[in-house]
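Structure assessment
Spelled out from the first residue to the last, the chains are:
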Amino acid sequence: MNCEVCQLKELEVEHFEIREVLRCILHTIVFHRALGLVRPKDIDLELFEITYVQCGDFEVEKKIDEKIEQFVSWVEKHPNKKSQICLSFYEVKSKQPSWFTNKIERLYWEQWYVNLNVTQHPKPHSGKSHHSKMVADPGESAYEERSVRRASLEASLHEVLFQIIKFVNEKKDHVPSISEGVIYFPYEITIPRKFL
């Protein structure tokens, strides 16, 4: 079985944006790979003018939030590092039983790599430098810079969402057949274990 891989566009985010960006991306992928009856739930992002859809399943939300919190903890221990989170879908197959084992094997059929460059932007400083001949308020300049950066991230996040939608609509042949009554393919979310 082939495993399709989708490397999503790298996003440059600040620490406080990680949770919202990852929730948007991970829930969008899981929603588009959900099967059967789901209760779609529209979610408006607080930081961006973007709405995405969740499956409306408490267990899915809980699992994604737990992994995001683990990722945030990793980022706090490794500041200013590029990092990656991977969402993998798989099938569970029993291996041929041997003398002492009855192993279950995971056959991965799709992996999504979310690449984040978490940056620490310097805090605006007071304009009391004797070298500065600026007339403009430095706080205003920092605000404009942050607005431009936020608009750029929002546009990039839109691109990633369209990348997800394009991928799921074009890549279907590798998706395994479904069992009766299954709503979600088994999936796992992995976070970095070491420096990238």
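The rules behind each value
- Residues numbered from 1 in each chain as written.
- Predicted model: local features only at pLDDT ≥ 70, side-chain atom pairs only at ≥ 80, totals over all residues.
- Heavy atoms only, no water.
- Helix = DSSP H or I, 4+ residues; strand = E, 2+ residues; numbered from the N terminus.
- Buried < 20%, exposed > 50% of the residue type's maximum accessible area, 1.4 Å probe, protein only.
- Contact = heavy atoms within 4.5 Å.
- Areas by Shrake-Rupley, 256 points an atom, 1.4 Å probe, with all protein chains shown as cover.
- Axes fitted to C-alpha atoms, helices over the stretch in contact; angles between N-to-C directions.
- Parallel < 35°, antiparallel > 145°, perpendicular 65-115°, else oblique.
- Left-handed = near helix turned anticlockwise from the far one by under 90°.
- Nonpolar A, V, L, I, M, F, W, Y, C, P; charged D, E, K, R; others polar.
- Expected span 1.5 Å × (residues − 1).
- Phe/Tyr/Trp six-rings, centres within 6.5 Å; stacked < 30°, edge-to-face > 60°.
- Lys, Arg positive; Asp, Glu negative; His and termini not counted.
- Salt bridge = Lys/Arg side-chain N within 4 Å of Asp/Glu carboxyl O.
- Polar contact = N/O pair within 3.5 Å; in protein donor to acceptor, adjacent residues only side chain to side chain.

Under an unreviewed UniProt entry, the name given to the protein is Autophagy-related protein 101, and the source organism is Manihot esculenta.

**A closer look at the overall build of the protein**
Secondary structure summary: the protein contains three helices and seven strands in total. Moving toward the C terminus, one meets the helices and strands of the protein in the order β-β-α-β-β-α-β-β-α-β. Among the 196 residues that make up the protein, the fraction classed as buried is 38%. Put simply, 77% of the contacts in the protein that link residues at least 6 apart link residues at least 24 apart. Element-wise, carbon and sulfur atoms account for 51% of the exposed surface of the protein, whose accessible area totals about 12,500 Å².

**Observations concerning the packing of helix H1 (residues 18–32) against helix H2 (residues 58–77)**
The N-to-C vectors of H1 and H2 enclose an angle of 140 degrees; their axes lie 10 Å apart at closest approach. By the criterion of interaxial angle, the relationship of H1 to H2 is oblique. Crossing angle aside, the handedness with which H1 passes H2 is right-handed. Judged by residue contacts, Ile 18, Arg 19, Leu 22, Arg 23, Leu 26, His 27 and Val 30 of H1 engage Val 60, Glu 61, Ile 64, Asp 65, Ile 68, Glu 69, Phe 71, Val 72 and Val 75 from H2. A class-by-class count of the residues in the contact of H1 with H2 yields 10 nonpolar, one polar and five charged.

**Overview of H1**
Given 3.6 residues to a turn, an α-helix orients residues that are three or four positions apart in the same direction. The terminal C-alpha atoms of H1 lie 21 Å apart, and with 15 residues this matches the ideal 21 Å at 1.5 Å per residue to within 8%. Taking burial as the measure, the 15 residues of H1 include 11 buried ones, the bulk of the element. For H1, every residue scored as buried is listed here: Ile 18, Glu 20, Val 21, Leu 22, Cys 24, Ile 25, Leu 26, His 27, Thr 28, Ile 29 and Val 30.

**Here's the deal with the packing of aromatic side chains**
Under the defined criterion, the tally for this structure stands at four aromatic pairs. Summarising the aromatic geometry, the rings of Phe 89 and Tyr 187 are spaced 6.1 Å apart at their centres and angled 55 degrees between planes, so their arrangement reads as tilted. Of this pair, Phe 89 sits in strand S5 (residues 82–94) while Tyr 187 sits in strand S7 (residues 187–190), and the two are 98 residues apart along the sequence. For Phe 89, a relative accessible area of 1% puts it in the buried group. Tyr 187 sits in the buried class, given a relative accessible area of 7%. Measuring from ring centre to ring centre gives 5.6 Å for Tyr 90 and Tyr 108, while their planes differ by 65 degrees; the resulting arrangement is edge-to-face. Of the two residues, Tyr 90 sits in strand S5 while Tyr 108 sits in strand S6 (residues 104–119), which places them 18 residues apart along the sequence. For Tyr 90, a relative accessible area of 8% corresponds to the buried category. What makes Tyr 108 partly exposed here is its relative accessible area of 27%. Every member of this aromatic cluster is reached through a ring pair, and the members are Phe 89, Trp 109 and Tyr 187.

**Thoughts on the side chain of Glu 20**
Looking at where Glu 20 falls in the secondary structure, it is placed in helix H1. Of the buried charged residues, Glu 20 lacks a salt bridge, with Arg 23 as the closest side chain of opposite charge at 6.2 Å. A polar contact is formed between the side chain of Glu 20 and the backbone nitrogen of Glu 46, at a distance of 2.8 Å. Aside from chain neighbours lying at most four places away, what touches Glu 20 is Leu 45, Glu 46, Leu 47 and Phe 48.

**Considerations on the pattern of salt bridges**
Scanning the entire structure with this criterion turns up 12 salt bridges. Put simply, Arg 149 and Glu 14 hold a salt bridge, and the shortest N to O gap is 2.9 Å. Placement of the pair is Arg 149 in helix H3 (residues 138–170) and Glu 14 in strand S2 (residues 11–14), with a sequence separation of 135 residues. A single burial state applies to Arg 149 and to Glu 14, both of which are buried. With a shortest N-O distance of 3.1 Å, Lys 41 and Glu 61 are connected by a salt bridge. Residue Lys 41 is located in strand S3 (residues 41–44), and its partner Glu 61 is located in helix H2; the two are separated by 20 residues in the primary sequence. By relative accessible area, which is 18% here, Glu 61 ends up buried. A single network of salt bridges, built from pairs that share partners, joins Glu 14, Glu 17, Arg 146, Arg 149 and Arg 150.

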